[in-house]
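# Coordinates in review
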Amino acid sequence: EQKNKKFLKDTFGKYVSPKLIDDMYKNKKLPELGGESGIRSAFFSDLQSFSTISEQLTSKELVELLNEFLSSQTEIIIQHKGTLDKYEGDAILAFFGAPMFFEDHPRAALDSGVYCKNNLVELNKKWKSEGSKWPSIVQTMKMRIGINAGEMVTGNMGSKHHMNYTMMGDVVNTAARLESAAKQYGICLFTTEETLLSAGEGHYCWRYIDRVQFVGKTVWLQTVEIIGFKENIDKDNLKLVDLFNKGLDKYYNQEWDNAIKIFRKSLKLEKYSTGSDLNPSRIFIDRSEEFKKFPPRRGWRGAFVLTSK
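Residues numbered from 1 in each chain as written. Predicted model: local features only at pLDDT ≥ 70, side-chain atom pairs only at ≥ 80, totals over all residues. Heavy atoms only, no water.

Moving on to helix H11 (residues 280-293). Helical geometry note: an α-helix holds 3.6 residues per turn, so side chains three or four residues apart project in the same direction. Spanning 14 residues, H11 covers 20 Å between terminal C-alpha atoms, matching the ideal 20 Å at 1.5 Å per step. Tucked into the core, H11 has its buried residues touching helix H7 (170-185), strand E7 (204-213), helix H9 (235-252), helix H10 (256-267) and strand E9 (303-305). At the N-terminal boundary of H11, the capping side chain belongs to Asn-279, with an oxygen 3.2 Å from the backbone nitrogen of Ser-281. (Helix = DSSP H or I, 4+ residues; strand = E, 2+ residues; numbered from the N terminus. Expected span 1.5 Å × (residues − 1). Contact = heavy atoms within 4.5 Å. Polar contact = N/O pair within 3.5 Å; in protein donor to acceptor, adjacent residues only side chain to side chain.)

Below is the structure:
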């Protein structure tokens with residue numbers, strides 16, 4: 001029995017939480033070969049402007065920086081019963097709810113996203129305290145996170161010679177699209193309304209962002225930004241959410257001038273407007289200005305087709 005448990009920990013200990021390993025052993029459930037369909041949560045994260053960062057560092061410095069970042073971020077994911085899928089450079093792919101299913105995996109995924117976001121803020125402070133060791137672009141590094149819950153396939157996939165315990169499905173693809181789309185809005189933690197409702201919207205400070213139709217998709221999704229945990233949000237963010245939601249109401253009612261007026265107020269509270277970063281308020285001001293000149297077609301419901309992945 002001890003050998004069996006050791007086998008599980010040696011095999012999966014670097015990818016899943018020790019609690020999950022204990023649960024697998026207790027339930028005598030080994031991960032199955034092949035794929036298993038079920039409701040899970042997919043997690044994608046990526047560093048912003050990492051190519052520019054890597055150009056300013058030596059190979060040794062880049063490895064040191066990545067190892068520190070990936071180690072702390074992965075620890076957060078595993079502490080919340082997440083399973084590491086793989087690293088792709090600076091990107092982290094993970095999922096929640098497999099190999100052992102647990103009911104609150106959407107909340108575990110969103111909580112991990114908030115903690116990972118906060119962790120990068122603390123890392124920025126640490127790197128800044130180290131003086132000239134790191135360039136300023138490292139000290140102000142940002143990240144994007146896409147999370148989506150739904151039915152997907154998880155399991156050992158590949159060939160008999162090389163397998164990878166991974167995830168597949170449209171839900172996974174959408175999570176990846178959310179992560180990349182966050183760049184177009186200038187936000188960090190991007191998810192869907194359905195995922196938020198599954199996790200419990202009362203735990204977070206959040207706002208609706210856009211009715212997005214991704215490239216190659218035929219239906220739009222209501223997307224949401226998670227700003228942080230509800231109990232830790234300051235007055236400016238609460239005011240931002242209130243103004244932005246009011247602006248969206250005017251926008252969807254095609255009251256373009258009123259929408260612009262409100263979004264200009266929320267624009268002043270956006271914390272993503274430094275440098276060349278975009279932000280949702282600026283995007284909806286520009287769209288409203290455009291719709292004033294060229295009104296949307298009859299039956300328009302506010303869905304926006306993203307033209308890039």
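The next subject is the pattern of salt bridges. Evaluation of the coordinates by the stated rule reveals 17 salt bridges. With a shortest N-O distance of 2.8 Å, Asp-257 and Lys-292 are connected by a salt bridge. Of the two residues, Asp-257 sits in helix H10 while Lys-292 sits in helix H11, which places them 35 residues apart along the sequence. Assessed through its relative accessible area of 41%, Lys-292 is described here as partly exposed. For Asp-286, the salt bridge goes to Arg-282, with nearest N and O atoms at 3.5 Å. Of this pair, Asp-286 and Arg-282 both sit in helix H11, 4 residues apart, which is roughly one turn of that helix. Residue class for Arg-282 comes out partly exposed when judged on its relative accessible area of 33%. Each of the salt bridges in this network shares a partner with another, and the network as a whole consists of Asp-46, Arg-144 and Glu-179. (Salt bridge = Lys/Arg side-chain N within 4 Å of Asp/Glu carboxyl O. Buried < 20%, exposed > 50% of the residue type's maximum accessible area, 1.4 Å probe, protein only.)

As a further point, take the pairing of strand E8 (residues 221-229). By the criterion of burial, E8 is predominantly enclosed, with 8 of the 9 residues buried. Across 3 bridges, the pairing between strand E6 (residues 189-192) and E8 is antiparallel. Paired with Thr-191 across the two strands is Val-224, which belongs to E8. The sheet contact formed by E7 and E8 spans 7 bridges and is antiparallel. Within E8, the position partnered with Cys-205 by the bridge is Gly-228. (Pairing = 2+ DSSP bridges.)

If you walk through the whole model with that rule in mind, you get 17 aromatic pairs. Judged by centre distance (5.0 Å) and plane angle (85°), the ring pair of Trp-206 and Tyr-208 falls under edge-to-face. Accessibility expressed as a relative area gives 27% for Tyr-208, which makes it partly exposed. Ring centres of Phe-244 and Phe-284 lie 5.9 Å apart, and the angle between their planes is 80°; this geometry places the pair in the edge-to-face category. Of the two residues, Phe-244 sits in helix H9 while Phe-284 sits in helix H11, which places them 40 residues apart along the sequence. By the burial criterion, Phe-244 is buried, and Phe-284 matches it. Linked through ring pairs, Phe-244, Tyr-251, Tyr-252, Trp-256, Phe-263, Phe-284, Phe-291 and Trp-300 together constitute an aromatic cluster. When the ring centre of Tyr-252 is taken as reference, the NZ or CZ atom of Arg-211 above it lies at 3.8 Å. Across the ring face of Phe-284, the terminal group of Arg-287 is positioned such that the distance to the ring centre comes to 4.9 Å. (Phe/Tyr/Trp six-rings, centres within 6.5 Å; stacked < 30°, edge-to-face > 60°. Lys NZ or Arg CZ within 6 Å of the ring centre and 35° of its normal.)

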